[in-house]
Amino acid sequence: MKPYCLPTWLVRTACALVIALLVLPAAQAQPILYVANAGSDTVGAYNATTGAPINTALVNAGQGMDGPTGIALGPNGLYVTGYFNNRVGLFNATTGATINSSLVIGPQGLQNPNGIAVDANNNLFVANFDSHTVSRYNATTGATLNSAFITSAQGLNGPSFPLVLPGNRLLVASQNSNAVGLFDAMTGATINNSFITGLSSPQQMTTDFANHLFVANFNNSTIGKYDATTGAVIDANFITGLSNPVGLVYDGNNHLFVTGYGDSAVRQYDATTGAAINTTFITGLNQPYGLAIIAVPEPSSMVLVAFAVATAHRIRRYRRR
C-alpha cells in the first residue's frame, strides 16, 4: 500500500485559507478613517465603524505640514499635502511617525498642493491649485518625474483631488471650471477633459464596487453620482443638504463618508440610496478636508469561507483514495 500524502498545493492552500480566516476578523474589527484638518495642521485617525477616535492628531502640527488638505494611503505609508508650505510629507499610517516630512517640496513644482493620489505603479500624483497642474513623482523617493504632467492647456483650472481608476486612467477635479477631466495616468495625455461637466466647485471623488463615481460639490453642497466608465449622470443630486463638502471616500461596505468643511464634521451615508445614516459620525474637527480609509469589505470573509469549505471537501476526497 502506498503511503498517503496530500498534494503540496492543497496543503498550502488550506493553510493559507485558515490563516486568512483567523486574521480577517481582526482586520475588520477596526477599519481606520483618516481625516485631514487644515485648520489645526493635523491628520486624525478614527474607527471607521463607530467613529470613535483612535488618535485625533496622528500627524500633528509639529511634523511640518501647514494646512494639510489631501491625504492618500500607499504601500509606503500615509501621504499628506501641506497646502500653505508647498510640500508632501510621508508618515507611518499606524503610528503617525515621520518618515519624510519633505518627500516633495516647493522647488519641485508644488504650488498650493491640494489633492493627492498614489497608483499601483508607484506614481504619486499631486494637484497644484495655483499653477493649474498635476505633478508626478516617485512615490518612494519623491523624485520628480514630471512637474507639469497635466497642465492648464489640457483644461485644468484650479485642480483639486486626483483619483486613479483601473486601466491607467486618472480623473482630476477642476474646481474653477466645474468639471472633471479624464487623463492617461502613464503619459498625462488627455482622454476627455470634459468627462463630467456642470459641477459646482468639485472636490474629492471616490468609487464603489459597482462602477459608480461620486463627486463632492463644494459650492452647492451636494454629492453627485455618475458612471465611472462613461461619465454619464446617474443622479447629480444624489446627496443634498450638506455643508460645503470637500472630502469623500467609500468604505467597501456600502457607506460613503463626507467631510463637511462648513460644519466641521464627517457624515455617513448609504452608498446605494444616498440616505443619511449618521450626520454626526465624527464632530469637533477643524476645517476638515481630504479623507482616506483602510477597510475590509464584509463579503470577503464569506468568499474565504466558501473556499475553505471547498478545500476541505477536496481533502476528504483525497483521503478516500
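Reference entry: report on the structure contained in this document.

### Thoughts on the environment of Ile116
Here is step 1: Mapping Ile116 onto the fold places it in strand S8 (residues 113–118).
Here is step 2: In this structure, the C-alpha to C-alpha distance between Ile116 and Ile71, residues 45 residues apart in sequence, is 6.2 Å.
Here is step 3: When residues no more than four places from it in sequence are discounted, the contact partners of Ile116 are Gly70, Ile71, Ala72, Tyr79, Thr81, Val88, Leu124, Phe125, Val126 and Pro162.

### Quick look at the packing of aromatic side chains
Here is step 1: If you walk through the whole model with that rule in mind, you get seven aromatic pairs.
Here is step 2: Residues Phe125 and Phe149 carry aromatic rings whose centres are separated by 5.7 Å and whose planes lie at 40° to one another, so their mutual orientation is tilted. Pair noted here: Phe125 is in strand S9 (residues 123–128) and Phe149 is in strand S11 (residues 144–150), with a separation of 24 residues, a long-range link.
Here is step 3: In this structure Phe125 comes out as buried when scored by relative accessible area, which is 0%.
Here is step 4: With 5.6 Å between their ring centres and 90° between their planes, Phe209 and Tyr250 make a pair best called edge-to-face. One end of the pair, Phe209, is in the loop between strand S16 (202–207) and strand S17 (212–217); the other, Tyr250, is in strand S20 (residues 245–250), with 41 residues separating them in the sequence.

### Structural notes on the pairing of S20
Here is step 1: Within S20, six of the six residues are buried, which leaves it mostly tucked inside the rest of the structure.
Here is step 2: In this sheet, strand S21 (residues 255–260) lies alongside S20 in antiparallel orientation, the contact comprising four bridges. Following the sheet pairing, Pro245 is matched in S21 by Gly260.
Here is step 3: Counting the residues that bridge the hairpin from S20 to S21 gives four residues, and of these Gly252 lies at a positive phi of roughly 90°.

### Some remarks on the layout of surface pockets
Here is step 1: What the largest pocket holds in volume is close to 680 Å³.
Here is step 2: Along the wall of the largest pocket there are 28 residues; nearest its centre are Leu73, Leu163, Thr206, Val249 and Ile293.
Here is step 3: Mapped onto the lining of the largest pocket, the elements with two or more residues apiece are strand S4 (68–74), S8, strand S12 (159–165), S16, S20 and strand S24 (288–294).
Here is step 4: Here the lining of the largest pocket is composed, by residue class, of 21 nonpolar, four polar and three charged.

### Brief notes about the pattern of salt bridges
Here is step 1: Evaluation of the coordinates by the stated rule reveals one salt bridge.
Here is step 2: Close ionic contact of Asp263 with Arg267 constitutes a salt bridge, the shortest N to O distance being 2.5 Å.
Here is step 3: The exposure class of Arg267 is buried, given its relative accessible area of 14%.

### Some points on the sheet that holds S8
Each strand in a sheet pairs with another by means of backbone hydrogen bonds, the pair being arranged parallel or else antiparallel.
Here is step 1: Strand order in the open sheet formed by four strands is S8-S9-S10-S11, and the pairing between neighbours is antiparallel. The outermost strands of the open sheet, each flanked by one partner alone, are S8 and S11. Recorded for the sheet is a direction-independent mean angle of 20° between the axes of neighbouring strands.
Here is step 2: In this structure, S9 lies alongside strand S10 (residues 133–138), joined through six bridges in antiparallel fashion. Looking at the pairing, Val126 lines up with Ser135 of S10.

### A few points about unusual backbone geometry
Glycine aside, the phi torsion of most residues is negative, and most peptide linkages are trans.
Here is step 1: Even without glycine at this site, Asn112 takes up a positive phi of about 55°.
Here is step 2: In this structure, Asn112 sits in the loop between strand S7 (98–105) and S8.
Here is step 3: Here Asn112 falls in the buried class, since its relative accessible area comes to 15%.
Here is step 4: Even without a glycine there, the phi angle at Asn168 is positive, about 55°.
Here is step 5: The residue Asn168 is located in the loop between S12 and strand S13 (169–174) in this model.

### Remarks on the sheet that holds S17
Here is step 1: Strands sit in the order S16-S17-S18-S19 across an open sheet of four strands; the sheet is antiparallel. Looking at the sheet topology across the chains shown, the edges are occupied by S16 and strand S19 (233–239). The sheet shows a mean angle of 25° between the axes of neighbouring strands, taken without regard to direction.
Here is step 2: Relative to S17, S16 is paired through four bridges, and the arrangement is antiparallel.

### Structural notes on the side chain of Gln175
Here is step 1: As for its position among the elements, Gln175 is in the loop between S13 and strand S14 (179–184).
Here is step 2: On the basis of relative accessibility, which here comes to 12%, the residue Gln175 falls in the buried class.
Here is step 3: Aside from chain neighbours lying at most four places away, what touches Gln175 is Asn114, Phe129, Asn157, Gly158, Pro159, Ser160, Ser201, Pro202 and Gln203.

Criteria and thresholds
- Starting afresh in each chain, residues are numbered from 1 along the sequence in its written order.
- Note on the predicted model: pLDDT of at least 70 is required for a residue's local features to be given, and 80 or more for side-chain atom pairs to be given and counted; whole-chain, interface and lining totals, by contrast, use all residues.
- Derived side-chain values reflect all non-hydrogen atoms in the structure, with water molecules and hydrogen atoms excluded from consideration.
- Under the scheme used here, helices are H or I runs from DSSP no shorter than 4 residues and strands are E runs no shorter than 2 residues, and both carry numbers assigned from the N terminus.
- Pairs of residues are marked as contacts when any of their non-hydrogen atoms sit within 4.5 Å.
- Ring pairs shown here join Phe, Tyr and Trp side chains whose ring centres sit within 6.5 Å, with only the six-membered ring taken for Trp; geometry is labelled stacked below 30 degrees between planes, edge-to-face above 60, and tilted in between.
- Categorising residues by exposure relies on relative accessible area from a 1.4 Å probe, with only protein chains included: less than 20% of the type maximum marks a residue as buried, more than 50% marks it as exposed, and the intermediate range marks it as partly exposed.
- Pairs of strands are assigned from DSSP output, requiring at least two bridges between the strands.
- The pocket and cavity definitions rest on a 1 Å grid over protein atoms only: a 1.4 Å probe that fits but cannot leave marks a cavity, an open set with protein on both sides within 12 Å along at least five of seven lines marks a pocket, and residues lining either have an atom within 4 Å of a point.
- Grid points are joined across faces, edges and corners, and a volume is the space filled by probe spheres set on the points.
- Gly falls in the polar group here, along with every residue not listed as nonpolar (Ala, Val, Leu, Ile, Met, Phe, Trp, Tyr, Cys, Pro) or charged (Asp, Glu, Lys, Arg).
- Any carboxyl oxygen of Asp or Glu that lies within 4 Å of a side-chain nitrogen of Lys or Arg is treated as forming a salt bridge with it.
- Helix axes are fitted only over the stretch in contact, all axes being lines through C-alpha atoms; the angle between N-to-C directions runs from 0 to 180 degrees.

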